[in-house]
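Descriptive structure summary
Below are the chains, spelled out letter by letter.
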Amino acid sequence: ISNITVVGNNLAIARPKTNLDGTSSLELLVSDSSGNCQTETIDNQPGTASIFSYPYVTDNNGNADVFFIDTTNNTIKRAFKNGSSWDKENILTEQGNILRLSALNINGNPWVFYINSSDNTIKTAKKENSSWNLETAVQRTGIDAISICEFNGKPQVAYRYAYGDGVGHASREETGW
């Protein structure tokens, strides 16, 4: 499972769920030190659970940020805790197919990375103040997997080409990717 993270001192995972009535929901499961699991509903939608694709959780100073794709309109969204409720914001709507969503938090700024299979790019969005800044990190045909991390306060992305064609790496520097 690729979307487990530590939130505070607890493990957390986001998951799509199909409810008995045919609706779907996005849930956050958080374990405590005793092994008990608390479940919170982040969002409810009509339709099937595929509406929430690739949920990914990061830690934002002890709180969960949950990034997911709403497949009804191909929108990447972020859910975050506001008191006892969950607020959601749209990050971007993409014309192509969004694959392999990943996210991380660097110095309190959330970053989201994804593959757009329609234009063969790895794209990223970083939240600064109240807006999302969008960039293309890599453009190359056949990217089918990504892994991201932070090194010295800068995002790094490793990626694999389909069909055993090799791997690559990109780093965000002051002047760009």
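Every chain begins its residue count from 1, and numbering advances along the sequence as written. Per-residue local features of the predicted model are confined to residues with pLDDT of at least 70, and side-chain atom pairs are confined, for both listing and counting, to 80 or more; whole-chain, interface and lining totals are unaffected and use all residues. Neither water nor hydrogens contribute to the side-chain values; these are computed over all heavy atoms in the structure.

1. Details of the side chain of S102
The condition is simple: Secondary structure follows DSSP: runs of H or I at least 4 residues long count as helices, runs of E at least 2 residues long count as strands, and numbering of each begins at the N terminus. The classification of residues rests on relative accessible area computed with a 1.4 Å probe and restricted to protein chains. Under 20% of the type maximum is buried, over 50% is exposed, and intermediate values are partly exposed. A contact between two residues is defined here by any heavy atoms of the two lying within 4.5 Å.
By secondary structure assignment, the location of S102 is in strand β9 (residues 98–106). The exposure class assigned to S102 is buried, which follows from its relative accessible area of 9%. Those residues in contact with S102 that sit more than four places away from it in its chain are Y56, W111, V112, F113, I146 and I148.

2. Section: the pattern of salt bridges
What counts here: Any carboxyl oxygen of Asp or Glu that lies within 4 Å of a side-chain nitrogen of Lys or Arg is treated as forming a salt bridge with it.
In the structure shown here, the tally under the stated rule is 13 salt bridges. Between R78 and D65 there is a salt bridge; the shortest N-O distance is 3.0 Å. Highlighted residues: R78 in strand β7 (residues 75–82) and D65 in strand β6 (residues 63–70), separated in sequence by 13 residues. Residue classification places R78 among the buried positions, given a relative accessible area of 7%. For D65, a relative accessible area of 1% gives the class buried. As a salt-bridge pair, K154 and E173 come within 2.9 Å of each other at their nearest N and O atoms. Here K154 is found in strand β14 (residues 154–161), whereas its partner E173 is found in the segment after β15 (167–171), with 19 residues between them in sequence. E173 sits in the partly exposed class, given a relative accessible area of 36%. Look at the salt bridges and you will find they share partners, linking D65, R78, E89 and K127 into a network.

3. Considerations on the sheet that holds strand β10 (residues 109–116)
Cut-off, in case you're wondering: Between any two strands, at least two bridges found by DSSP are needed for them to pair. Whenever a helix is involved, its axis is fitted only over the stretch in contact; in every case the axis is a line through C-alpha atoms, and angles between N-to-C directions fall within 0 to 180 degrees.
Taking strand neighbours across the sheet as the criterion, the 4 strands line up as β9-β10-β11-β12 in an open arrangement whose pairing is antiparallel. Pairing within the sheet leaves two strands with one partner each, and these edge strands are β9 and β12 (131–139). When strand polarity is set aside, the average angle formed by the axes of neighbouring strands in this sheet is 20°.

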